[in-house]
Amino acid sequence: MKKILVVATGNPGKLKEMQNYLADSGWELTLKPEDFEVEETGVTFAENACLKAAAVAKITGNWAIADDSGLMVNALNGQPGVYSARYGNTDVERIARLLRELGDNKNRQARFVCAIAIANPQGEIVIESEGVCQGEILFASTGDQGFGYDPIFYVPEQKLTFAQMSPEMKKSISHRGNAIKALLPQLITI
Ligand code: ITT
């Protein structure tokens, strides 16, 4: 029988990617209770991922996986970083604010970071992983795939934004794809 892994996210875009990336992990994924929110009081992605995974594991009595991620823009001293979700009320607002703050700055370097934590049913963190993807911030949204900041995040090696990539291409190079690739060998041995 497959063991249950509760995905501790309220973000449908993340959920879709995690379901895809963990499809062959041998775990049955379920979603956290919709009304259970965890306050993200950490100052790093890893801290917040651990807070979310531990809290959801404890409340459900199951294994839980959480992802804390965001966009770090060099010319904005790494902002929005852990505040990426709190940068506006909708994806459109968040993108508009980022483009406004960056203005016509020539330094468009940025990176996406994803920290993942997995907690056992007692709420103890047993696996942690982090993935990064380097890119550049465009001046306007391009592409309609994916979610969040994808339309403004351009990856020079692929000459595409995340929002122009197929799910498989994004998986192969993205921060989340890299974080999950790194933890899979451990996850399948539990
Ligand atoms: P949960 O905490 O419930 O998982 P959240 O949306 O609040 O959902 P975070 O606190 O980790 O998640 O915030 C991450 C922000 O960065 C959020 O605005 C995402 O849309 C964005 N983001 C994360 N990964 C992304 C990706 O692969 N592509 C585009 N945007 C991404």
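Structural data are supplied above this passage.
A few points on the structure.

## Comments concerning the environment of phenylalanine 36
Positionally, phenylalanine 36 belongs in the loop between strand S2 (27-31) and helix H2 (45-60). Excluding residues that lie within four positions of it along the chain, phenylalanine 36 makes contacts with Ala55, Val56 and Ile59.

## Considerations on the site of the ligand
As a structural note, the neighbourhood of the ligand is formed by 21 residues, with Thr9, Lys14, Lys52, Asp150 and Lys170 the closest of them. Taking asparagine 11, its side chain carries an N or O atom lying 2.9 Å from an oxygen atom of the ligand. Taking glutamate 40, its side chain carries an N or O atom lying 2.9 Å from an oxygen atom of the ligand. Of all the secondary-structure elements, those providing two or more residues to the shell around the ligand are strand S3 (63-73) and helix H5 (175-187). The biggest single contributor to the shell around the ligand is S3, with four residues.

## Description of the sheet that holds strand S1 (residues 3-7)
To summarise the sheet geometry, strands pair through backbone hydrogen bonds and adopt either a parallel or an antiparallel arrangement. Ordered in space as S2-S1-S3-S4-S5-S6-S7, the seven strands form an open sheet in which the pairing is mixed. The sheet is open, and its two edges are formed by S2 and strand S7 (160-161), each paired on a single side. Pairing of S1 with S2, which is carried by five bridges, proceeds in the parallel orientation. When the sheet's bridge partners are listed, lysine 3 is paired in S2 with tryptophan 27. On the sheet, H2 packs against S1, S3, strand S4 (109-119) and strand S5 (125-137) and is oriented at approximately 155° with respect to S3.

## Considering the packing of aromatic side chains
Under the defined criterion, the tally for this structure stands at four aromatic pairs. Measuring from centroid to centroid gives 4.8 Å for phenylalanine 153 and phenylalanine 162, while their planes differ by 50°, and the two rings are tilted. The same class applies to phenylalanine 153 as to phenylalanine 162, namely buried. Three or more aromatic residues joined by ring pairs make a cluster, and in this case those are Phe112, Phe153 and Phe162. Stacked on the ring of phenylalanine 139, the Lys or Arg arginine 108 has its end atom at 3.7 Å from the ring centre.

## Here's the deal with the side chain of asparagine 120
Here asparagine 120 shows up in the loop between S4 and S5. The residues contacting asparagine 120, other than those within four sequence positions of it, are Ala57, Asn62, Trp63 and Val126.

## Regarding the packing of helix H1 (residues 12-21) against H5
Taken N-terminus to C-terminus, the directions of H1 and H5 make an angle of 40°; their axes are 11 Å apart at the nearest point. Remark: the crossing between H1 and H5 carries right-handed chirality. Contact residues: Lys14, Glu17, Met18 and Tyr21 in H1; Arg176, Gly177, Ile180 and Leu184 in H5. When the residues that make up the contact of H1 with H5 are grouped by side-chain class, the tally is four nonpolar, one polar and three charged.

Each value, and the rule that gives it
Residues numbered from 1 in each chain as written. Predicted model: local features only at pLDDT ≥ 70, side-chain atom pairs only at ≥ 80, totals over all residues. Heavy atoms only, no water. Helix = DSSP H or I, 4+ residues; strand = E, 2+ residues; numbered from the N terminus. Contact = heavy atoms within 4.5 Å. Near = heavy atom within 4 Å. Polar contact = N/O pair within 3.5 Å; in protein donor to acceptor, adjacent residues only side chain to side chain. Pairing = 2+ DSSP bridges. Axes fitted to C-alpha atoms, helices over the stretch in contact; angles between N-to-C directions. Phe/Tyr/Trp six-rings, centres within 6.5 Å; stacked < 30°, edge-to-face > 60°. Buried < 20%, exposed > 50% of the residue type's maximum accessible area, 1.4 Å probe, protein only. Lys NZ or Arg CZ within 6 Å of the ring centre and 35° of its normal. Left-handed = near helix turned anticlockwise from the far one by under 90°. Nonpolar A, V, L, I, M, F, W, Y, C, P; charged D, E, K, R; others polar.

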